[in-house]
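Residue-level listing of the chains:
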Amino acid sequence: MQKKNNTSVAIFVGAVVFLALEIAVYYGLVTWLIPTDPEVEEQGGSIVRNWNKVMYFILIYMAVLVSALLFASSQVPRSYRRHVLFWFYLSLPTLLVLLVLAFS
């Protein structure tokens with residue numbers, strides 16, 4: 001019973017940390033990358049509007065994600081590392097959702 005209870009607590013803590021990290025990264029990147037000077041937007045400069053911002057968003061998001069994965073996997077016991085990988089794999093499709101929210 002104790003093992004099952006510890007697993008449910010680990011999943012809950014992982015979900016809270018996952019949501020907090022996703023929200024912090026999203027709002028941090030949106031406030032840093034999205035606002036630009038309207039004159040710069042009118043001049044264009046790239047084939048696809050916001051292309052550079054999208055690429056920076058993806059690269060910074062992935063850097064934060066991999067850093068969090070490395071930090072978390074070094075801090076948790078070996079038996080809970082599969083939970084860390086689950087949240088890592090879940091954050092990859094979340095990137096697409098965040099891109100749509102940020103650039104729509």
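Within every chain, residues take consecutive numbers counted from 1 along the sequence as written. Reporting in this predicted model follows two pLDDT cut-offs: at least 70 for local features of residues, and 80 or more for side-chain atom pairs to be given and counted; totals over whole chains, interfaces and linings ignore these cut-offs and use all residues. Only hydrogens and water are set aside when side-chain values are computed; all heavy atoms of the structure are taken into account.

A.B. asks: Would you mind going over the packing of aromatic side chains in detail, with residue names and values included?
C.D. replies: Only centres within 6.5 Å qualify two rings of Phe, Tyr or Trp (six-membered ring in Trp) as a pair; their planes then separate them into stacked at under 30 degrees, edge-to-face at over 60, and tilted for everything else. Following the criterion strictly, the structure yields four aromatic pairs and no others. In this structure an aromatic cluster arises from ring pairing among Phe-18, Phe-86 and Trp-87.

A.B. asks: Provide a residue-level description of the nonpolar core, including the pertinent values.
C.D. replies: Residues enter a nonpolar core if they are buried and are Ala, Val, Leu, Ile, Met, Phe, Trp, Tyr or Cys, with the set joined through side-chain atoms within 4.5 Å. The rule is simple: take the accessible area with a 1.4 Å probe, protein chains only, and divide by the maximum for that residue type; under 20% is buried, over 50% is exposed, in between is partly exposed. Judged by nonpolar contacts, the single largest core of 16 residues is most densely connected at Tyr-26, Leu-29, Phe-57 and Tyr-61. What counts as a helix is a DSSP run of H or I of at least four residues, what counts as a strand is a run of E of at least two, and both are numbered from the N terminus. Counting residues per element, the ones that place at least two in this core are α1 (2-33), α3 (51-75) and α4 (81-103). A total of six residues in this core trace back to one element, the largest contributor, which is α4. Residues contacting Leu-29, with those up to four places away along its chain left out, are Ile-34, Phe-57, Ile-60 and Tyr-61. Contacts were defined at the residue level, with two residues in contact if any of their heavy atoms lie within 4.5 Å.

A.B. asks: An account of the packing of α3 against α4 is needed here, citing residue identities and associated values.
C.D. replies: Under this scheme, a helix contributes an axis fitted over its contacting stretch, all axes are lines through C-alpha atoms, and angles between N-to-C directions fall in the 0 to 180 degree range. Viewed as axis vectors pointing N to C, α3 and α4 meet at an angle of 165°, and their least axial separation amounts to 11 Å. One element, α3, and the other, α4, form an angle in the roughly antiparallel class. Judged by the sense of rotation from one axis to the other, the crossing of α3 with α4 is right-handed. Contacts from Lys-53, Val-54, Phe-57, Ile-58, Tyr-61, Met-62, Leu-65, Val-66, Leu-69, Ala-72 and Ser-73 of α3 reach α4 at Arg-81, Val-84, Leu-85, Phe-88, Ser-91, Leu-92, Thr-94, Leu-95, Leu-98, Leu-99, Ala-102 and Phe-103. Put simply, Ala, Val, Leu, Ile, Met, Phe, Trp, Tyr, Cys and Pro go in the nonpolar bin, Asp, Glu, Lys and Arg in the charged bin, and everything else, Gly too, in the polar bin. Looking at the contact of α3 with α4, its residues break down into 18 nonpolar, three polar and two charged. Put simply, angles under 35 degrees are roughly parallel, angles over 145 are roughly antiparallel, angles from 65 to 115 are roughly perpendicular, and the rest are oblique. When the near helix sits turned anticlockwise from the far one by under a right angle, the crossing is termed left-handed; a clockwise turn instead gives a right-handed crossing.

A.B. asks: Please set out a nonpolar patch on the surface residue by residue, giving values where relevant.
C.D. replies: Each patch is built from residues that are more than 30% exposed by relative accessible area and take part in no salt bridge. Like charges join if they lie within 9 Å; nonpolar side chains (Val, Leu, Ile, Met, Phe, Trp, Tyr) join within 5 Å. Throughout, the Shrake-Rupley method with a 1.4 Å probe supplies accessible areas, and for residues the shown protein chains are the sole cover considered. Should a side-chain nitrogen of Lys or Arg be within 4 Å of a carboxyl oxygen of Asp or Glu, the pair is scored as a salt bridge. Taken together, Val-9, Phe-12, Val-13, Val-16 and Val-17 make up a surface patch of nonpolar side chains, about 460 Å² in accessible area. In this fold, Val-9 is placed in helix α1.

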